[in-house]
Amino acid sequence: MQGARHFPAVPSDSVATTLNDAVIALITNESYIRRAPITASEPSLPRLLQGLEKVFNDGVHDESSFWNFVEHSQQTMAQDDRRKYNNPNAKEQVTHALAQSRGAGMDAMQNHRGRLWIMLCLNTHTLLDALTSLVAKKEFILAYYMPSAFLAQQCNFPLLYSLLNQLNKLHFKLSPMDVGLFDRV
């Protein structure tokens, strides 16, 4: 797929390096270009999930987590006109991730909820829209992230947008049971 050539440059020390490498591996796979589902058996999937989690976790305030950022978005966006956000279904996504987490008996683990949310967004092609909505308000980002965080730096958005846009073109078929892929080496 030729889209990989159009990514903004990724510095070798960037938190997005792992994500970039995994996205390129997936979008250059001929079967995935033809819409074959990406499942837990895909060797580069753990790197993709770890790369996404790394981006979301970078620079989170000590007393917070990226899940807190995502979960609070449903209230923040509900206070505004939902139509002005790319992801008007944020509340439903958070609710779904919470329900899956409870169903797995892992509802006390914040990183488990966040991981389920990432997988849900990949399966539903909404990660780009969700992230675009989440970062729409700078004051909201800074309530959860340090100013130096990857998500708090607007200069990182072109790269992240490019990567997530490529992921939206792929067909993911992940199960809540696949959450262990985040820890696979």
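Everything that follows concerns the structure shown earlier in this document.
Residues numbered from 1 in each chain as written. Predicted model: local features only at pLDDT ≥ 70, side-chain atom pairs only at ≥ 80, totals over all residues. Heavy atoms only, no water.

1. Topic: the overall build of the chain
For step 1, the next point in the chain: Of regular secondary structure, the chain possesses 9 helices and 0 strands.
For step 2, the next point in the chain: Going residue by residue from the N terminus, the α and β elements of the chain occur as α-α-α-α-α-α-α-α-α.
For step 3, the next point in the chain: Within the chain, buried positions represent 48% of all 185 residues.
For step 4, the next point in the chain: Carbon and sulfur atoms make up 52% of the accessible area of the chain, which totals about 9000 Å². (Helix = DSSP H or I, 4+ residues; strand = E, 2+ residues; numbered from the N terminus. Buried < 20%, exposed > 50% of the residue type's maximum accessible area, 1.4 Å probe, protein only. Areas by Shrake-Rupley, 256 points an atom, 1.4 Å probe, with all protein chains shown as cover.)

2. Quick word on the packing of aromatic side chains
For step 1, the next point in the chain: Here the structure, examined in full by the defined rule, presents 6 aromatic pairs.
For step 2, the next point in the chain: On the basis of an interplanar angle of 20 degrees and a centroid distance of 5.0 Å, the ring pair of phenylalanine 56 and phenylalanine 66 is categorised as stacked. Linking phenylalanine 56 in helix α3 (residues 45–57) with phenylalanine 66 in helix α4 (residues 66–79), this pair joins segments that are 10 residues apart in sequence.
For step 3, the next point in the chain: The buried category is assigned to phenylalanine 66, whose relative accessible area is 3%.
For step 4, the next point in the chain: Three or more aromatic residues joined by ring pairs form one cluster here, namely Phe69, Phe140, Tyr144 and Tyr145. (Phe/Tyr/Trp six-rings, centres within 6.5 Å; stacked < 30°, edge-to-face > 60°.)

3. A word on helix α1 (residues 17–27)
For step 1, the next point in the chain: Every buried residue of α1 is accounted for by Leu19, Asn20, Ala22, Val23, Leu26 and Ile27.
For step 2, the next point in the chain: Where α1 is buried, its residues contact α2 (30–33), α3 and α9 (157–168). (Contact = heavy atoms within 4.5 Å.)

4. A word on the side chain of histidine 61
For step 1, the next point in the chain: Inspection of the secondary structure assignment puts histidine 61 in the loop between α3 and α4.
For step 2, the next point in the chain: Among the polar contacts listed, one links the side chain of histidine 61 to the backbone oxygen of leucine 142, at a separation of 3.0 Å.
For step 3, the next point in the chain: The residues contacting histidine 61, other than those within four sequence positions of it, are Leu142, Ala143, Tyr144, Tyr145 and Met146. (Polar contact = N/O pair within 3.5 Å; in protein donor to acceptor, adjacent residues only side chain to side chain.)

5. With respect to the pattern of salt bridges
For step 1, the next point in the chain: According to the stated counting rule, one finds 3 salt bridges in the structure shown.
For step 2, the next point in the chain: Across the pair glutamate 30 and arginine 34 runs a salt bridge whose closest N-O atoms are separated by 3.6 Å.
For step 3, the next point in the chain: The exposure class assigned to glutamate 30 is partly exposed, which follows from its relative accessible area of 43%.
For step 4, the next point in the chain: Notably, a salt bridge pairs glutamate 53 with arginine 115, separated by 2.8 Å at the nearest N-O pair. Of the two residues, glutamate 53 is situated in helix α3 and arginine 115 in helix α6 (residues 110–123); the sequence distance between them amounts to 62 residues. Residues glutamate 53 and arginine 115 agree in their burial class; the two are buried.
For step 5, the next point in the chain: Because the salt bridges share partners, they merge into one network encompassing Glu53, Arg115 and Asp183. (Salt bridge = Lys/Arg side-chain N within 4 Å of Asp/Glu carboxyl O.)

6. Quick look at the packing of helix α7 (residues 127–134) against α9
For step 1, the next point in the chain: At a minimum axis separation of 8 Å, α7 and α9 run at an interaxial angle of 150 degrees. It follows from the interaxial angle that α7 and α9 lie roughly antiparallel. Residues Leu127, Leu128 and Leu131 of α7 pack against Leu160, Tyr161, Leu164, Asn165 and Asn168 of α9.
For step 2, the next point in the chain: Its residues placed into classes, the contact of α7 with α9 shows 6 nonpolar, 2 polar and no charged. (Axes fitted to C-alpha atoms, helices over the stretch in contact; angles between N-to-C directions. Parallel < 35°, antiparallel > 145°, perpendicular 65-115°, else oblique. Nonpolar A, V, L, I, M, F, W, Y, C, P; charged D, E, K, R; others polar.)

7. Considering α7
For step 1, the next point in the chain: Buried residues dominate α7, accounting for 6 of its 8 residues.
For step 2, the next point in the chain: Of all the positions in α7, only Leu127, Leu128, Ala130, Leu131, Ser133 and Leu134 are classed as buried.

8. Observations concerning the nonpolar core
For step 1, the next point in the chain: Within the largest apolar cluster, 51 residues are counted, with the highest numbers of intra-cluster contacts made by Leu48, Trp117, Leu122, Tyr145 and Phe172.
For step 2, the next point in the chain: Looking at this core, the elements with two or more residues in it are α1, α3, α4, α6, α7, α8 (138–144) and α9. (Core = buried A, V, L, I, M, F, W, Y, C linked by side-chain atoms within 4.5 Å.)

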